[in-house]
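For reference, the chains in residue letters:
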Amino acid sequence: MRPGLALTWRRIPERYTLKGNKCTNCSTNYFPPRKICPKCRRHGKIETLYYNGKGKVYAYSEITAPPVGFELEIPYVLALVELEEGPKLTAQIVDCKPADVKIGSRVHVVFRKIQQDGEEGLIHYGYKFKLVK
Amino acid sequence: MRRVAIVGAGMSRFGEDWNRGFRDMIIDAGTSAITDANISGDKIDGMFIGTMAAGRLIGQEHIGALIADFMGLNPVPSTRVEAACASGGVALRQGFMAVASGMHDTVVVGGVEKMTEVSTSEVATALGGAGDQEWELFMGATFPALYAFMAQRHMLDYGTTEEMMAHVAVKNHKNASKNKYAQYQNEITVDHVLKSKTIASPLKVFDCSPITDGAAAVVLMPYEKALSFTKKPVEIIASAQASDTIALHDRESLTKLKATEIAAQSAFKQAKLAPRDIQVAEVHDCFTIAEILAIEDLGFFKKGEGGKATMEGLTALNSQISINTSGGLKGCGHPVGATGVKQAVEITWQLRGQGGERQAKNANIGLTHNVGGSGATCVVHIMKKE
């Protein structure tokens, strides 16, 4: 699916700045942000939390069979990154050789183009991660 | 609750079927199941159809009505059910509940997917909808990548190897070679798997279930009535379903599917049985690692020992437990919406003793396990022969 303009617009704060949230009732941090804390539900107290963009590689895979829109990117490394504040997210690891990525590698967030709706379409930006040298 | 039996089962030949369309395949499977049940169409009073992505793959929605119409079953109420790759299993559960509750008497449960009308990357994108579109797929994730993460962590935590995973594919191709409905009728070797092209490391082409066209159907009715239609009714003695986070990154553990564990525990409790009581099981091997997780999470093997057990042949036909006698998703094929229903068809045949060359000995109790996405939906059914 090509993400629409409104969807991209709504997600800009989260994808550009790693804006997530936390439940102060049970002290759980969430990224992507949630409207309802799954642990506390109606009793949860959700507040904004900006992540510092540092984390570790929890799992990774070098993708050679791409979905639509990523044909020019292959091979690329996709990872589950465990943020310092707790949550894990899915993102690409860039600016390195795939062989340099290991479980436990320290990474930090970078702002990058994620995909584009064809030659003249909307460009979608967001987070990717780089290895900490 | 009324007891529920499967009285008819049928499926289309699975494969890359360019000569037949969506409706041809489901009509083939539906007609086979109804003929097998030996009932006339005017007895049918409800239909549930599992289809994941007809809108993306063939541009068709409103699948329930389409199938009722072309099966000649109007005005029977017909409902499409969608739960990604678990659509078929969830449709079966809906049919089960409809008959058990007394709301319907004779229900046809179908599953169908036509996947080869579009390019491979279009299929990958459509199947991606089973995950979290905004936070996984948007970033370039594919399903092989999500299962690759699980494989990598299972290898790290339990010493599972690529060779162990390859044995899942080898075993399932061997079973499929004895199934005339299977997409692949050829055996393969561990070497074939290990030397095949990498899709999402460490998973290779032969670790992945294929893109498949196909359909399957079963006919359900109250157990007491079933005895007047068939001497070999297969009773559904448990039906359980559980949900988990849509995105893999939100799971505490990548080395198990919690929804499988919960659904299995519930199903065994309903059936008053334990995993050791099952002789034959169709489990959701969308990737080789998925079968290893499944046989552990269902309780057939201890956590971490599924890969080793597979390599030692403990899941082969007529070993400790016969897993995926149909060839599973890997060998028989994986038309996503049809898979959960095909599993019920295979177990019905096994329990009736109609497995032919791939018949499991002493098959009295069977289990089906159907997963949606990376484990956000899991459905487990247990079936017993009379």
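Residues numbered from 1 in each chain as written. Chains lettered and ligands numbered in written order. Predicted model: local features only at pLDDT ≥ 70, side-chain atom pairs only at ≥ 80, totals over all residues.

Caption draft 1: Here's a closer look at the overall build of chain A. Of the regular secondary structure elements, chain A holds 1 helix and 8 strands. What you see in chain A, going N to C, is helices and strands ordered as α-β-β-β-β-β-β-β-β. The C-alpha extent of chain A, read off along each of the three principal axes, is 45 × 35 × 20 Å. The burial tally for chain A puts 35% of its 133 residues in the buried class. (Helix = DSSP H or I, 4+ residues; strand = E, 2+ residues; numbered from the N terminus. Buried ≥ 20, exposed ≤ 12 C-beta atoms within 10 Å, placed from the backbone.)

Caption draft 2: How the structure looks around the interface of chain B and chain A. Contact residues are listed per partner, giving 28 residues for chain B and 26 residues for chain A. Elements with a contribution of two residues or more to the side of chain B that touches chain A: helix 5 (120-128), helix 6 (143-158) and strand 5 (198-200) of chain B. Among the residues making up the side of chain B that touches chain A, the classes are represented as 14 nonpolar, 10 polar and 4 charged. (Contact = placed C-beta atoms within 7 Å. Nonpolar A, V, L, I, M, F, W, Y, C, P; charged D, E, K, R; others polar.)

Caption draft 3: Layout of the sheet that holds strand 1 (residues 19-23) of chain A. Residues and elements named next belong to chain A. Spatially, 2-1-3 is the arrangement adopted by the 3 strands of the open sheet, whose pairing is antiparallel. The sheet terminates laterally at strand 2 (28-30) and strand 3 (46-50), the two strands that pair on one side only. Direction aside, neighbouring strands of the sheet carry axes that sit 35 degrees apart on average. (Pairing = 2+ DSSP bridges. Axes fitted to C-alpha atoms, helices over the stretch in contact; angles between N-to-C directions.)

Caption draft 4: How the structure looks around the environment of Lys56 of chain A. Residue and element names in this part refer to chain A. As for its placement among the helices and strands, Lys56 is situated in strand 4 (residues 54-63). Judged by C-beta crowding, with 18 C-beta atoms within 10 Å, Lys56 ranks as partly exposed. Look past the residues within four positions of Lys56 in its chain and what remains in contact with it is Glu82, Gly104, Ser105, Arg106 and Val107.

Caption draft 5: Quick look at unusual backbone geometry. Residue and element names in this part refer to chain B. Here the residue pair Asn74 and Pro75 is connected by a cis peptide bond, since its omega of 10 degrees sits within 30 degrees of zero. Of note, Pro75 is situated in the loop between helix 3 (63-70) and strand 3 (78-81). The amide bond that connects Ser201 to the next residue, Pro202, takes the cis arrangement and shows omega of 5 degrees. Even without being a glycine, Ala84 presents a positive backbone phi close to 55 degrees. Mapped onto the secondary structure, Ala84 falls in the loop between strand 3 and helix 4 (87-101). Take Ala84: there are 23 C-beta atoms within 10 Å of it, and that puts it in the buried class. Although it is not a glycine, Asn318 adopts a positive phi angle of roughly 60 degrees. Looking at the secondary structure, you find Asn318 in the loop between helix 12 (306-311) and strand 10 (322-323).

Caption draft 6: Main features of the domain arrangement of chain B. Residue and element names in this part refer to chain B. As assigned here, chain B comprises domain 1 (4-119 + 212-226) and domain 2 (139-211 + 235-385). Between the C-alpha centres of domain 1 and domain 2 there is a distance of 22 Å. Taken together, the contact pairs 40 residues of domain 1 with 34 residues of domain 2. Looking at the side of domain 1 that touches domain 2, the elements that each hand over two or more residues are strand 1 (4-11), helix 4, strand 4 (107-113) and strand 7 (214-222). Among the elements that line the side of domain 1 that touches domain 2, the one with the most residues is helix 4, at 8 residues. (Domains from an automatic or database assignment.)

Caption draft 7: Structural detail: the sheet that holds strand 9 (residues 280-282) of chain B. Residue and element names in this part refer to chain B. Taken together, 10 strands build an open sheet; the order of strands is 3-2-4-7-1-8-12-11-9-10 and the sheet is mixed. Each end of this open sheet is capped by a strand with a single partner; those strands are strand 3 and strand 10. Relative to strand 7, strand 4 runs antiparallel, the two sharing 7 bridges. The partner of Glu113 across the bridge, within strand 7, is Gly214.

Caption draft 8: Fine view of the pairing of strand 4 of chain A. Residue and element names in this part refer to chain A. Counting buried positions along strand 4 yields 7 of 10 residues, so the element is predominantly enclosed. Bridge count for strand 4 against strand 7 (residues 106-116) is 3 bridges, and the pairing is antiparallel. Bridging from a neighbouring strand, Lys56 pairs with Arg106 of strand 7.

Caption draft 9: Inspection of the nonpolar core at higher detail. Ala79 of chain A together with Val109, Tyr147, Val218, Leu220 and Val341 of chain B are the most contacted members of the largest nonpolar core, which has 169 residues in total. Sequence-distant contacts of Leu220 of chain B, defined by excluding residues within four places in its chain, comprise Val4, Ile6, Gly95, Phe96, Val99, Val107 and Val109 of chain B. (Core = buried A, V, L, I, M, F, W, Y, C linked by C-beta atoms within 7 Å.)

Caption draft 10: Region of the structure containing the environment of Met155 of chain B. Residues and elements named next belong to chain B. Mapped onto the elements of the fold, Met155 is located in helix 6. With 18 C-beta atoms packed within 10 Å, Met155 lands in the partly exposed category. Taking the C-alpha atoms as reference, Met155 lies 51 Å from Gly41; in sequence the two are 114 residues apart.

Caption draft 11: Summary view of the packing of helix 6 of chain B against helix 11 (residues 288-297) of chain B. Residue and element names in this part refer to chain B. At their nearest, the axes of helix 6 and helix 11 sit 9 Å apart, and the two run at 60 degrees to each other. When the axis of helix 6 is compared with that of helix 11, the two are oblique. Of the two elements, helix 6 crosses helix 11, and the hand of that crossing is left-handed. Listed contacts from helix 11 to Tyr147, Met150, Ala151 and His154 of helix 6 are Ile289, Ala290, Ile292 and Leu293. For the contact of helix 6 with helix 11, the per-class residue count stands at 7 nonpolar, 1 polar and no charged. (Parallel < 35°, antiparallel > 145°, perpendicular 65-115°, else oblique. Left-handed = near helix turned anticlockwise from the far one by under 90°.)

Caption draft 12: Helix 11 of chain B, seen in detail. Counting buried residues in helix 11 of chain B gives 10 out of 10 residues, a clear majority hidden from the surface. Looking only at helix 11 of chain B, the buried set comprises Thr288, Ile289, Ala290, Glu291, Ile292, Leu293, Ala294, Ile295, Glu296 and Asp297 of chain B.

Caption draft 13: Local environment of the packing of helix 7 (residues 162-176) of chain B against helix 11 of chain B. All names here are of chain B. Packing of helix 7 against helix 11 leaves a shortest axis separation of 8 Å and a crossing angle of 95 degrees. Classed by the angle they form, the pair helix 7 and helix 11 counts as roughly perpendicular. Here helix 7 contributes Met165, Ala166, Val168 and Ala169 to the contact with helix 11, which in turn contributes Thr288, Ile289, Glu291 and Ile292. Grouping the amino acids of the contact of helix 7 with helix 11 by side-chain chemistry returns 6 nonpolar, 1 polar and 1 charged.

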